[in-house]
Amino acid sequence: MNTPHDFPIRRGCPFAAPEEYDALRTEEPVARVTLPTAREAWVVSRYDDVRALLADPRVSADIRRPGFPALGEGEQEAGARFRPFIRTDAPEHTRYRRMLLPEFTVRQVRTMRPAVQARVDELLDDMLAAEQPVDFVSVYANAVSTSVICELLGIPRENLEFFRDVTRISGSRHSTAEQVSEALGGLFGLIADLVAERRKNPGDDLLSKLVVEHLNTGAITLDELLSTVGITINAGRETSTNMIALSTLLLLDRPDLKEELRAEPSLMPRAVDELLRVLSIADSIPLRVAADDIELSGRVIPADDGVIGLLAGANHDPERFEHPGRVDFHRPDNHHIAFGYGVHQCVGQHLARLELEIALETLLRRVPTLRLACDREQVGFKHDSATFGLEELMVTW
Ligand code: HEM
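Residues numbered from 1 in each chain as written. Predicted model: local features only at pLDDT ≥ 70, side-chain atom pairs only at ≥ 80, totals over all residues. Heavy atoms only, no water.

**Q** Help me understand the overall build of the protein chain, please; the structure alone is not making it clear to me.
**A** What the protein chain contains, in helices and strands, is 15 helices and 13 strands. A compact globule built from 397 residues would reach a C-alpha radius of gyration of about 21 Å, and the protein chain, at 21 Å, matches this within 12%. Each principal axis of the C-alpha atoms in the protein chain carries an extent, and together these give about 60 × 55 × 35 Å. Here the protein chain holds 397 residues, and the buried ones make up 55% of them. A separation of at least 24 residues holds for 71% of the contacts in the protein chain among residues at least 6 apart in sequence. Total accessible area on the protein chain stands at roughly 16,800 Å², and carbon and sulfur atoms take up 50% of it. With 45 positive and 63 negative side-chain charges, the protein chain shows a separation of 4 Å between the mean positions of the two kinds. (Helix = DSSP H or I, 4+ residues; strand = E, 2+ residues; numbered from the N terminus. Rg over C-alpha atoms; globule rule 2.2 N^0.38 Å. Buried < 20%, exposed > 50% of the residue type's maximum accessible area, 1.4 Å probe, protein only. Contact = heavy atoms within 4.5 Å. Areas by Shrake-Rupley, 256 points an atom, 1.4 Å probe, with all protein chains shown as cover. Lys, Arg positive; Asp, Glu negative; His and termini not counted. Charge placed at Lys NZ, Arg CZ, Asp CG, Glu CD.)

**Q** When you look at the sheet that holds strand β13 (residues 394-396) in this model, what are you seeing that I'm missing?
**A** Through backbone hydrogen bonds, the strands of a sheet pair up, either in parallel or in antiparallel fashion. With respect to topology, three strands assemble into an open sheet ordered β5-β13-β10, the strand pairing being antiparallel. Each of the sheet's edge strands pairs with one partner strand only, and the pair in question is β5 (134-135) and β10 (371-372). The pairing of β10 with β13 spans two bridges and is antiparallel. Across the sheet, the residue bridging to R371 is T396, located in β13. (Pairing = 2+ DSSP bridges.)

**Q** Help me understand helix α7 (residues 136-153), please; the structure alone is not making it clear to me.
**A** Working note: α-helix, 3.6 residues per turn, so residues spaced by three or four point in the same direction. The terminal C-alpha atoms of α7 lie 24 Å apart, and with 18 residues this matches the ideal 26 Å at 1.5 Å per residue to within 8%. By the largest-angle criterion, A143 marks the main kink of α7, which is about 40 degrees. Among the 18 residues in α7, 15 count as buried, and that is most of the element. Sitting at the amino-terminal end of α7 is D135, which places a side-chain oxygen 3.1 Å from the backbone nitrogen of V137. Of the residues trailing α7, G154 is marked for its positive phi of about 85 degrees. (Expected span 1.5 Å × (residues − 1). Bend = angle between axes of the 7 residues up to and from the residue. Polar contact = N/O pair within 3.5 Å; in protein donor to acceptor, adjacent residues only side chain to side chain.)

**Q** What's the story with the side chain of E28 in this structure? I'm lost.
**A** Tracing the backbone through its elements, the reader meets E28 in the loop between α1 (20-27) and β2 (30-34). An unpaired buried charge is present at E28: no salt bridge exists, and R299, the closest side chain of opposite charge, is 5.9 Å distant. Within the structure, the side chain of E28 is placed 2.8 Å from the side chain of H5, a separation counted as a polar contact. (Salt bridge = Lys/Arg side-chain N within 4 Å of Asp/Glu carboxyl O.)

**Q** Any chance you could explain the pairing of strand β9 (residues 306-309) here in plain terms?
**A** Each regular strand shows side chains that alternate between the opposite faces of the sheet. Side chains G306 and I308 of β9 all project onto a buried face; the interleaved residues V307 and G309 project onto the opposite face, where all are buried too. With three bridges connecting them, strand β3 (residues 40-44) and β9 associate as parallel partners. If you follow V43 over to β9, its bridge partner there is I308. Bridge count for strand β6 (residues 287-290) against β9 is three bridges, and the pairing is antiparallel. Within β9, the position partnered with L287 by the bridge is I308.

**Q** Looking at this structure, I do not really get the coordination of the iron atom of the ligand. What am I missing?
**A** Ideal coordination angles are 109.5 degrees for a metal with four donors arranged tetrahedrally and 90 or 180 degrees for a metal with six donors arranged octahedrally. In this structure the iron atom of the ligand is ligated by exactly one protein donor, C346 (SG), at 2.3 Å. Structurally, C346 can be placed in the loop between α14 (311-315) and α15 (349-366). (Donors = N, O, S within 2.8 Å, 3.2 Å for Na, K, Ca; no water.)

**Q** Where do I start with the site of the ligand in this structure?
**A** Looking at the ligand, there are 28 residues lining it, with H93, R97, R288, H344 and C346 nearest. Taking R97, its side chain carries an N or O atom lying 2.7 Å from an oxygen atom of the ligand. Note that an oxygen atom of the ligand is positioned 2.7 Å from one of the side-chain N or O atoms of H344. Contributing elements (two or more residues each) for the shell around the ligand: α4 (92-100), α11 (222-253) and α15. At five residues, α11 tops the list of elements feeding residues into the shell around the ligand. Its residues placed into classes, the shell around the ligand shows 18 nonpolar, seven polar and three charged. (Near = heavy atom within 4 Å. Nonpolar A, V, L, I, M, F, W, Y, C, P; charged D, E, K, R; others polar.)

**Q** Teacher, can you tell me more about the sheet that holds strand β1 (residues 5-6) here?
**A** Pairing is mixed in the open sheet, where six strands are placed in the order β1-β2-β3-β9-β6-β4. Strands with a single pairing partner mark the edges of an open sheet, and in this sheet they are β1 and β4 (59-60). Relative to the sheet, helix α2 (residues 47-55) contacts β3, β4, β6 and β9, its axis offset from that of β9 by approximately 125 degrees. (Axes fitted to C-alpha atoms, helices over the stretch in contact; angles between N-to-C directions.)

**Q** I would appreciate a short explanation of the packing of aromatic side chains in the present structure.
**A** Geometrically, a pair of aromatic rings is defined through the distance of the ring centres and the angle of the planes. Under the criterion given, the structure shown has six aromatic pairs. Plain terms: the ring middles of F381 and F388 are 5.8 Å apart, the flat faces sit at 10 degrees to each other, and that makes the pair stacked. On the accessibility criterion, F388 (8% relative accessible area) is buried. Against the face of F388 rests R11, its NZ or CZ located 4.4 Å from the ring centre. (Phe/Tyr/Trp six-rings, centres within 6.5 Å; stacked < 30°, edge-to-face > 60°. Lys NZ or Arg CZ within 6 Å of the ring centre and 35° of its normal.)

**Q** It is not clear to me how the nonpolar core should be interpreted in this structure. Could you clarify?
**A** In globular proteins that are soluble, nonpolar side chains generally tend to be buried together. Counting 89 residues, the largest nonpolar core has M127, F136, Y140, I191, L279 and F329 as the members making the most contacts within it. For this core, the element with the highest residue contribution is α11, accounting for 12 residues. Beyond its immediate stretch of four places on either side in the chain, F136 contacts M127, A141, I244, A245, T248, L363, L393 and V395. In terms of nonpolar packing, the next biggest core, distinct from the first, is built from 19 residues, L24, A31, L35 and L287 among them. (Core = buried A, V, L, I, M, F, W, Y, C linked by side-chain atoms within 4.5 Å.)

**Q** Explanation requested: the pattern of salt bridges in the structure shown.
**A** One side chain can pair with another of opposite charge once the charged atoms of both are near each other. Applying the stated criterion across every chain yields a total of 31 salt bridges. Here E122 and R119 are joined by a salt bridge, their closest N and O atoms 2.6 Å apart. With E122 and R119 both in helix α6 (residues 113-129) and three residues apart, this pair spans about one turn of that helix. For the salt bridge of R168 with D165, the shortest nitrogen-to-oxygen distance reads 2.6 Å. Of this pair, R168 and D165 are both found in helix α8 (residues 160-170), three residues apart, which corresponds to roughly one turn of the helix. Residue classification places R168 among the partly exposed residues on the basis of a relative accessible area of 36%. A relative accessible area of 35% places D165 in the partly exposed class. Through salt bridges with shared partners, a single ionic network connects E161, R164, D165, R168 and E391.

As structure tokens, this is what we get:
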């Protein structure tokens, strides 16, 4: 057997999967890796294998299993304590997911378009009135994603940076279990106060609905509610923040693509899906444990071993996507799996698409002269957090 590779593998180009994934796909499609926690696990990199893995009822997402391949010790320990539903199995997982799904259907999300557009315009007004240069991640990408999720839930959005700090700590591979627990504890405390208020005065926001229909009826406990709302905020804002920021940087690097979108704004929905595929920012989010022996590409992953379905590996598989590194807004049959696959596939994907479409279209239309306010080489990337992105992006216009 080959020596295990160190995992995660760093990206060379921020807009593509790590180059090493090409060799993995052809030579070791199911490869043994050593995680930062010193545990060993498997990674799967071919499109067909990743889909088969994530759709397989014999895989578990239960973070309490000893083989669970968390990328940080803090995530593993705190996850086992708080049990976010993304890291649980049926029937528990199904119960939480069913509570959220009706709020995130295509139809439901469509009704949010005017509110999201208004909020994006307001944030751009603020950005344009600010002294230049500004940090685009903070004033726009994070502000858009955080205020959209807060508005949906009915959470005051005064403290946008607070939510960012929570994810920064809970999503970092270097955080200890205490640091993760403290960060999540702060978030849960804030939600718990709002829950107490909604019990007295319910409104028409999602949090009120969850309180009235699920907490007050005894279908869910307070701790379960806090964990479910907490993971929705965490999963929903960090990912969209990174997608808005990284897509913007890619468009600044590629004026031809920017012009294509400015000339033909109706391309935006397809462009968003292509950006989701190319950037694959949630590459190693699907963490699983084999609950039985599972065979993929001729190799057996033994029961109880951890296994990670590499989304960037799948989305850059040349067997599935012609010239996968090429950004092509006209790509036919773009069935990427940037939102995962199977029972844990992203609950918020329609909302994410809406946010990205509006955030990027409005930015290109209203700030066509946007440019970097630092050397391109100075732009720093987040290599050590759960999803790939940018810490800061200084811009001017
Ligand atoms: C561009 C943005 C986004 C990306 C790339 C993304 C990606 C993902 C991926 C890959 C998963 C599956 C994880 C797994 O299989 O273990 C997932 C799950 C999830 N996402 Fe997203 N997501 C995004 C935006 C959002 C938004 C806006 C929300 C909420 C409003 C959200 C809420 C969730 C939740 C609650 C889950 C857990 C679903 C489950 O376990 O059943 N995500 N996301």
